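Chain residues, written in single-letter form:
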Amino acid sequence: MTELSEMLAKFAAYSPHVDPTALELAWDFAAKAHANQARASGDHYLSHCAAVADSLLEWRMDLPTVCAGLLHDTLEDTPTTEAQLRAEFGEEITMLVAGVTKLDALKFESRDEAQAENWRKMLLATAQDIRVIVVKLADRLHNMKTLNFLSRDKQKRIAAETMALYAPLAHRLGMFKLKSELEDLSFSYLHQEEHAELSDKVGARLAESEKQLAAARAAMEKVVAGTNIPCRILARTKTLWSIYKKMERQGKPFEEIQDALGIRLITDTVADCYALLGVVHTHFKPVAGSFTDYISTPKLNLYRSLHTTITSPTGELVEIQIRTEEMHRSSEYGIAAHWRYKTGEHVKDAHLEEKLNWLRQWIEWLQDLNSPREFLDSLKTDLEFNQVFVFTPAGEVKVLPSGATPLDFAFAVHTQVGFACVGAVVNNKMVKLDHQLKSGDICRINTKKGSVPKKDWLNMVRTARARSKIRHYLRERGIVE
Ligand code: MN
């Protein structure tokens, strides 16, 4: 178990100017409140609180959040009241703990409407303060790590819930490291045999792939050393779940999966990212069509990096990601990486604001949806990460979920464009409004003054935004309920 002294040291390392007294108080409070409780593992309950707080420290969350991590189960599992917490820790920490407690009350056991409605309420309530979700994610991570002590039924239910909702939520918040951990843990319970088998096979191949990776890395180091660009090189390993998904996608056994090696080049500025890309492409043969620029066009969750695949001198494919230190931290920790301290105050940076705005806006759209079922469908669609990049005739890019149609695109451009949409031209060809857009498409929307949304449009859109705008319009006129 992480001890208080270690926590204080970790916290001081990233926020030296903040008085950590509250952390000590929260530790003592949690220790007393849970004094007679044990986890299913037999461990003292405090070890769970400490593990949750420890993740929050790893993500460098602020003091109230780390305290809330220690206290997150006090309201639910002990006689502690909100009034007591408020007297001891003040409004902010109490509000965070109360938020997590409300989430805990929701169990996503079945996909029925009542559960969907609970999830909707949860997201609406917590969107006010994203830190509640971050604490909940830390809680879920530790619960997944200690799942082996529960019954097989519970393991399956909790793993399914984690895979369906918490891993996508982590992905949405750009917390890739957490997302991968949650996925691999869920995978091991949902598909026990496949997981064990794949784990053995990957292990057996490890020695060989490590040798290849070392060679590729050495070749890269040599090339980069010849430049003045500051750069550190990291080797990257694939998660079991991502390999498994690739096998499913390609319908091939592990033996036939071409396991591309992964290398990351981490440098200091955006300009140096592009300079490194030039160096890499000069010395190694790039695979045609493999280059993607997520710096000029960040993903919806604001992930940024340059991606390219090259052939190594020994003939292996090597996937390369090039990014700055800041992008790297951000890609591992996502939204959590954007909390910053300045003499005890939060300074939210532009990326964090952007991410939070995205979340708030998303939830606003979801709020307009009529039935919980519809909400659930939208949630799942919007949490999918297959995205398409579609351009306006003026060259502006719109990022949409895969399967999006010209109607989604029209509403992404402007609500009024969506309302008055009568047709679409994609790559100079007329298409139907339910046509599926692809990345790189150039889409022009034809509008007609006085034209209005039709009821069947609801079946043609994939984004929550378009659906909510159309429904809102139809409902106001009594066309749908
Ligand atoms: Mn808990």
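A. Broad picture of the coordination of the manganese ion. Surrounding the manganese ion are the protein donor atoms His-48 (NE2), His-72 (NE2), Asp-73 (OD) and Asp-139 (OD), which sit 2.2 to 2.3 Å from the metal. Sequence positions of the donors to the manganese ion reduce to the motif H-x23-H-D-x65-D. On the criterion of sequence distance, the pair formed by His-48 in helix H3 (residues 45-58) and Asp-73 in the loop between helix H4 (63-71) and helix H5 (74-77) is long-range, its members being 25 residues apart.

B. Inspection of the pattern of salt bridges at higher detail. As enumerated under the stated definition, the model contains 17 salt bridges in all. With a shortest N-O distance of 3.8 Å, Lys-211 and Glu-208 are connected by a salt bridge. Placement of the pair is Lys-211 and Glu-208 together in helix H12 (residues 192-225), with a separation of three residues, close to one helical turn. Among the salt bridges present, the one from Arg-304 reaches Glu-326, with a minimum N-O distance of 3.7 Å. With Arg-304 in the loop between strand S4 (292-293) and strand S5 (306-311) and Glu-326 in helix H15 (residues 325-333), the pair connects residues that are 22 residues apart, well separated along the chain. Each of the salt bridges in this network shares a partner with another, and the network as a whole consists of Asp-62, Glu-92 and Arg-131.

C. Focus on unusual backbone geometry. Even without a glycine there, the phi angle at Arg-60 is positive, about 55°. Here Arg-60 is to be found in the loop between H3 and H4. With relative accessibility at 38%, the residue Arg-60 sits in the partly exposed group. The phi torsion at Asn-427 lies on the positive side, around 50°, for a residue other than glycine. Locating Asn-427 in the fold gives a position in the loop between strand S11 (421-426) and strand S12 (429-431).

D. Structural context of the nonpolar core. One finds Leu-56, Trp-59 and Leu-71 to be the most contacted residues of the largest nonpolar core, which totals 57 residues. With nine residues, helix H9 (residues 130-145) is the single largest residue contributor to this core. Among the nonpolar cores identified, the runner-up in size contains 26 residues, and Ala-424, Val-426, Cys-443 and Leu-474 belong to it.

E. Main features of the confidence of the model for the chain. Mean pLDDT over the chain works out to 83, with 81% of the residues at or above the 70 mark. By mean pLDDT, strand S7 (residues 341-342) is the weakest element of the chain at 34, and helix H2 (residues 21-33) is the strongest at 97.

F. Just the sheet that holds S11, in detail. If you walk across this open sheet you meet the three strands as S12-S11-S13, and the pairing is antiparallel. Edge strands, defined here as strands with exactly one partner in the open sheet, are S12 and strand S13 (443-447). Averaged over all pairs of adjacent strands, the angle between their axes in this sheet comes to 35°, without regard to strand direction. The pairing of S11 with S13 spans five bridges and is antiparallel. Its bridge partner being in S13, Val-426 is matched across the sheet by Cys-443.

G. Fine view of helix H14 (residues 270-283). For H14, with 14 residues, the first-to-last C-alpha span of 20 Å sits near the 20 Å given by 1.5 Å per residue. Along H14, the residues that are buried comprise Asp-272, Cys-273, Leu-276, Leu-277, Val-279 and Val-280. All buried residues of H14 project into a common sector of 165° when viewed along the axis, lining one side. Facing away from the buried side of H14, by more than 90 degrees, are the exposed residues Ala-271 and Thr-282. Here the buried face of H14 lies against H12, strand S2 (261-267), S5 and strand S6 (317-324).

Rules behind the numbers
For every chain, the first residue of its written sequence is number 1, and the numbers climb from 1 along that sequence. Only residues with pLDDT of at least 70 get local features here, since the model is predicted, and only at 80 or more are side-chain atom pairs given and counted; chain-wide, interface and lining totals rely on the full set of residues. Think of the side-chain values as coming from all heavy atoms in the structure, minus any hydrogens and water. Distances up to 2.8 Å from the metal define which N, O and S atoms are donors, and 3.2 Å serves for Na, K and Ca; water is absent from the atom set, so sites may look incomplete. For the purposes of this entry, the term helix denotes a DSSP run of H or I that reaches at least four residues, the term strand denotes a run of E that reaches at least two, and both are numbered from the N terminus. Salt bridge criterion: a side-chain nitrogen from Lys or Arg within 4 Å of a carboxyl oxygen from Asp or Glu. Each residue's exposure class comes from its accessible area (1.4 Å probe, protein chains only) as a fraction of the maximum for that residue type: buried when under 20%, exposed when over 50%, partly exposed otherwise. Within this scheme, the nonpolar core is defined by two criteria: the residues are buried Ala, Val, Leu, Ile, Met, Phe, Trp, Tyr or Cys, and they are joined through side-chain atoms within 4.5 Å. A score from 0 to 100, pLDDT tells how confident the predictor is in each residue. Between any two strands, pairing holds if DSSP finds at least two bridges. Axes here refer to lines fitted to C-alpha atoms; in helices the fit is confined to the stretch in contact. Angles between the N-to-C directions go from 0 to 180 degrees. Working rule for helices: expected span equals 1.5 Å times residues minus one. As used here, the arc belongs to the directions running from the helix axis to the C-beta atoms. Contact criterion: two residues are considered in contact whenever any of their non-hydrogen atoms come within 4.5 Å of each other.

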